[in-house]
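Next come the chains, spelled out residue by residue.
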Amino acid sequence: MGFLKVGDKDADGRQKRIEYSGRYLRASRTGGVSLRAQTRAAGINLTGNTNHGVRVSTRLAKNTQVAFQNGRFVLRGRYGSDAAKINLSKTGVTVSSKTALGSFNWIKPGRSSAKFAGVQLRGHKAATIQMVYLALTAVAGGLRLLARGTVMMVDGLARLTGWGLARIEQARQDRVRLNLGTDEIKRAGAAVLAEQGIDLSAEPRRDLFAGLLFTLTVLGRGDDRFVPRRAGLDDTDSAVAVALIDDLDTVGAQITMWLGADREARAPTAVLGVLFVLAAAWAEKMAPPQRAEALLALDDACLAAGPRTILQEEMLDALPRALGVELQLEGES
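(A) Seen up close, the packing of helix α6 (residues 288-304) against helix α7 (residues 310-323). Between α6 and α7, the shortest axis-to-axis distance is 10 Å and the interhelical angle comes to 170°. The orientation of α6 with respect to α7, classified from their angle, is roughly antiparallel. Side by side, α6 and α7 meet where R291, L295, L298, D299 and C302 of the first sit next to Q312, L316, L319, P320 and L323 of the second. In terms of residue class, the contact of α6 with α7 is made up of 7 nonpolar, 1 polar and 2 charged.

(B) Summary view of the packing of aromatic side chains. Under the definition given, this model contains 3 aromatic pairs. Aromatic pair F104 and W106: ring centres 4.9 Å apart, planes at 85°, arrangement edge-to-face. Each ring, one from F209 and one from W282, has its centre 5.4 Å from the other, and the planes form 45°; the classification is tilted. Here F209 is found in helix α3 (residues 205-217), whereas its partner W282 is found in helix α5 (residues 268-283), with 73 residues between them in sequence. The exposure class of F209 is partly exposed, given its relative accessible area of 25%.

(C) Spatial organisation of a nonpolar patch on the surface. A contiguous nonpolar surface patch, about 480 Å² in accessible area, is contributed by I44, L46, V54, V56, F68 and F73. For the nonpolar patch, the elements supplying multiple residues, two or more each, are β4 (44-49) and β5 (53-61). Residue placement: V54 occurs in strand β5.

(D) How the structure looks around the side chain of N105. Considering the arrangement of structural elements, one finds N105 in strand β10 (residues 102-105). A polar side-chain atom of N105 sits 3.1 Å from a polar atom in the side chain of T94. Within polar-contact distance, the side chain of N105 engages the backbone nitrogen of K108 at 2.8 Å. Residues within four places of N105 in sequence aside, it is in contact with N87, T94, V95, S96, R111 and S112.

(E) The pattern of salt bridges, seen in detail. Using the criterion set out here, one finds 5 salt bridges in the structure. For D224, the salt bridge goes to R266, with nearest N and O atoms at 3.0 Å. Of this pair, D224 sits in the loop between α3 and α4 (239-259) while R266 sits in the loop between α4 and α5, and the two are 42 residues apart along the sequence. The partly exposed category is assigned to D224, whose relative accessible area is 28%. Under the relative-accessibility criterion, R266 is labelled buried at 11%. When salt bridges that share partners are traced, they join D299, R308 and E313 into one network.

(F) Main features of the nonpolar core. Within the largest apolar cluster, 45 residues are counted, with the highest numbers of intra-cluster contacts made by L200, L216, I255, L259, L319 and L323. Mapped onto this core, the elements with two or more residues apiece are α2 (182-196), α3, α4, α5, α6 and α7. Top element by residues in this core is α5. It accounts for 12 residues. Apart from the residues lying within four places of it in its own chain, the contact partners of I255 are G211, T215, L219, V274 and L278.

(G) Here's a closer look at the environment of M315. The residue M315 is located in helix α7 in this model. The class for M315 is buried, based on a relative accessible area of 0%. For the pair M315 and G273, spaced 42 residues apart in sequence, the C-alpha to C-alpha distance is 9.1 Å. Setting aside residues no more than four positions away along its own chain, M315 makes contact with T215, L216, G220, V271, L272 and L275.

(H) Just the pairing of strand β7 (residues 72-79), in detail. Pairing between strand β6 (residues 64-69) and β7: 6 bridges, direction antiparallel. Its bridge partner being in β7, V66 is matched across the sheet by L75. Counted between consecutive antiparallel strands, the loop separating β6 from β7 contains 2 residues, among which N70 sits at a positive phi close to 55°. Judged from the 3 bridges that link them, β7 and strand β8 (residues 85-89) form a sheet pairing that is antiparallel. The partner of G77 across the bridge, within β8, is L88. The loop that links β7 with its antiparallel partner β8 comprises 5 residues; one of these, G80, has a positive phi angle of about 95°.

Reading guide: rules and limits
Residues numbered from 1 in each chain as written. Predicted model: local features only at pLDDT ≥ 70, side-chain atom pairs only at ≥ 80, totals over all residues. Heavy atoms only, no water. Axes fitted to C-alpha atoms, helices over the stretch in contact; angles between N-to-C directions. Helix = DSSP H or I, 4+ residues; strand = E, 2+ residues; numbered from the N terminus. Parallel < 35°, antiparallel > 145°, perpendicular 65-115°, else oblique. Contact = heavy atoms within 4.5 Å. Nonpolar A, V, L, I, M, F, W, Y, C, P; charged D, E, K, R; others polar. Phe/Tyr/Trp six-rings, centres within 6.5 Å; stacked < 30°, edge-to-face > 60°. Buried < 20%, exposed > 50% of the residue type's maximum accessible area, 1.4 Å probe, protein only. Patch = residues over 30% accessible without salt bridge, like charges linked within 9 Å, V, L, I, M, F, W, Y side chains within 5 Å. Areas by Shrake-Rupley, 256 points an atom, 1.4 Å probe, with all protein chains shown as cover. Salt bridge = Lys/Arg side-chain N within 4 Å of Asp/Glu carboxyl O. Polar contact = N/O pair within 3.5 Å; in protein donor to acceptor, adjacent residues only side chain to side chain. Core = buried A, V, L, I, M, F, W, Y, C linked by side-chain atoms within 4.5 Å. Pairing = 2+ DSSP bridges.

Function cannot be read off these values alone, since they describe shape.
Structure follows, in structure tokens:
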């Protein structure tokens, strides 16, 4: 323990009241210097103090004490939590709340206490300090509540705005989607092949898949040229990558010629139709497990360049039908 309790902390982490408190001698700012002695027998406490006289006390019940000090009857009781503690005395009942500075009595403010830097204050000075502290605490709490409410409101507005924009975008996409049936898509692709005099059944599987990949990842984005990195093909030096790029360039040039070199005049229905007939022709030469794997690989390649376009969404909707792959949602039997 430090001299005069300087540096010592109470249960709340505050500087203890600055005073000297020995076995028989006590000295403080408010109480002065006094000699005191205490003894206990048969549950009775007997205390003698040169400043306050003789006091006889005992515990009547839990948290309740009765005493006689210099012939005057004393009754003390403390009940409840720190937030609302009930105080019992001869003169009645009061309610007090514990704060970081001490205790504020709501019914009789003159019985409040405050301690700052080890200096203990009681009475109306302490009540004034406590009221100022409570007012500042209320203001700070109100500002924190306002800030939290503002953040929640801004976050809510941002979420609502995002939801609204997503709904608007979804509605826009729904308006511009082709929404074609399988027969219509087939007819569109067959018309392109008939115009060019193409028979896909005679094409090798390798060229058909290259055309399928080119149509989905390049034409589906409104481009004319295959860029390897956009399709997630980072290693362009391997023999497989070189062969694939060569196939895509060759087949892509042919498909672009079928549909017309002018991208602006190119009909999305014709592009979707070509994808469908290419996929159907390739699927006839492949086993069902290979078709399912191809569908997943094409989806990954489509996403490698970023979010799908509306035309790519249409293409991916039509691909399972063209490949003869039945999709089953997880959890379905």
